[in-house]
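Structural features, examined
What follows is the residue order along each chain.
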Amino acid sequence: MDLSPGQVWWARSDPSVGREQAGRRPVMIVAGSDYLGLMTTLALVVPLTTTDRGWPNHVPVHGHTDLPGQSFAMSEQVRVVSRDRLDRLAGIVTPSCLDETREWIHHFLVDRAPRAMD
């Protein structure tokens, strides 16, 4: 299965534990091309939600997708998943949407606010 950064896929995330997102839901591929080329059975993703919590780290999804409505990338829930969990390609986000999501992930990893927050 060929994956690219910024793609949106429908994925099966069960079984989940605690506050992890559960069920079949869309996810955005946030891994870089090098990772995706090296780890041919895994993918780094963030789940998407339709719930607008008003959190700055929930990035509005923009791009060409077949999602049923406005969605938000939950940058605080990065997950490594088996590619076997990915069911169907739902589209791709804009480069700026992917970049903003990755900036939030970077912030959570190194305690540095994204440029938009500086």
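The coordinates are above.
First, a word on what this report is: a plain description of the structure on this page. (Residues numbered from 1 in each chain as written. Predicted model: local features only at pLDDT ≥ 70, side-chain atom pairs only at ≥ 80, totals over all residues. Heavy atoms only, no water.)

A word on the environment of Ile92. Mapped onto the secondary structure, Ile92 falls in strand E8 (residues 86-93). Judged by relative accessible area, Ile92 falls into the partly exposed class, the value being 37%. For the pair formed by Ile92 and Gly63, sequence separation is 29 residues and the distance between their alpha carbons is 5.9 Å. (Helix = DSSP H or I, 4+ residues; strand = E, 2+ residues; numbered from the N terminus. Buried < 20%, exposed > 50% of the residue type's maximum accessible area, 1.4 Å probe, protein only.)

A separate point is the side chain of Ser71. Considering the arrangement of structural elements, one finds Ser71 in the loop between strand E5 (63-65) and strand E6 (72-74). Setting aside its immediate chain neighbours within four residues, Ser71 contacts Leu48, Thr49, Thr50, Val59, Pro60 and Val61. (Contact = heavy atoms within 4.5 Å.)

Position of Thr49 among the secondary structure elements: in strand E3 (residues 42-49). A relative accessible area of 9% means that Thr49 is categorised as buried. Residues Thr49 and Gly69, 20 residues apart in the sequence, show an inter-C-alpha distance of 9.8 Å. Here Thr49 is in contact with Arg25, His58, Gln70, Ser71, Phe72 and Met74, once residues within four sequence places are set aside. At 3.1 Å, the side chain of Thr49 forms a polar contact with the backbone nitrogen of Thr51. (Polar contact = N/O pair within 3.5 Å; in protein donor to acceptor, adjacent residues only side chain to side chain.)

Scanning the model with the defined rule gives one aromatic pair in all. Between the aromatic rings of Trp104 and Phe108, the centroid separation amounts to 5.9 Å while the plane-to-plane angle is 35 degrees, which identifies the pairing as tilted. On the criterion of helical spacing, the pair formed by Trp104 and Phe108 is a turn pair, its members being four residues apart in helix H2 (residues 95-110). Judged by relative accessible area, Trp104 falls into the buried class, the value being 8%. The ring centre of Trp55 lies 5.6 Å from the NZ or CZ of Arg53, which sits over that ring. (Phe/Tyr/Trp six-rings, centres within 6.5 Å; stacked < 30°, edge-to-face > 60°. Lys NZ or Arg CZ within 6 Å of the ring centre and 35° of its normal.)

Burial analysis of strand E1 (residues 7-12) places five of its six residues in the buried class, the great majority of the element. Strand direction decides the pairing type here: E1 and E8, joined by five bridges, are antiparallel. Bridging across to E8, Ala11 finds its partner in Leu86. As judged from the five bridges shared by E1 and strand E2 (residues 24-29), these two strands associate in the antiparallel manner. Bridge assignment links Trp9 to a residue of E2, and that residue is Val27. (Pairing = 2+ DSSP bridges.)

An α-helical segment advances 3.6 residues per turn. Residues three or four places apart therefore align on the same side. With 16 residues, H2 extends 22 Å between its outermost C-alpha atoms, agreeing within 8% with the 22 Å of an ideal straight helix rising 1.5 Å per residue. Of the residues making up H2, those classed as buried are Cys97, Leu98, Thr101, Trp104, Ile105 and His107. Along its buried surface, H2 packs onto E2, E3, strand E4 (58-60), E6 and E8. Downstream of H2 by one or two residues, Asp111 has phi in the positive range, about 60 degrees. (Expected span 1.5 Å × (residues − 1).)

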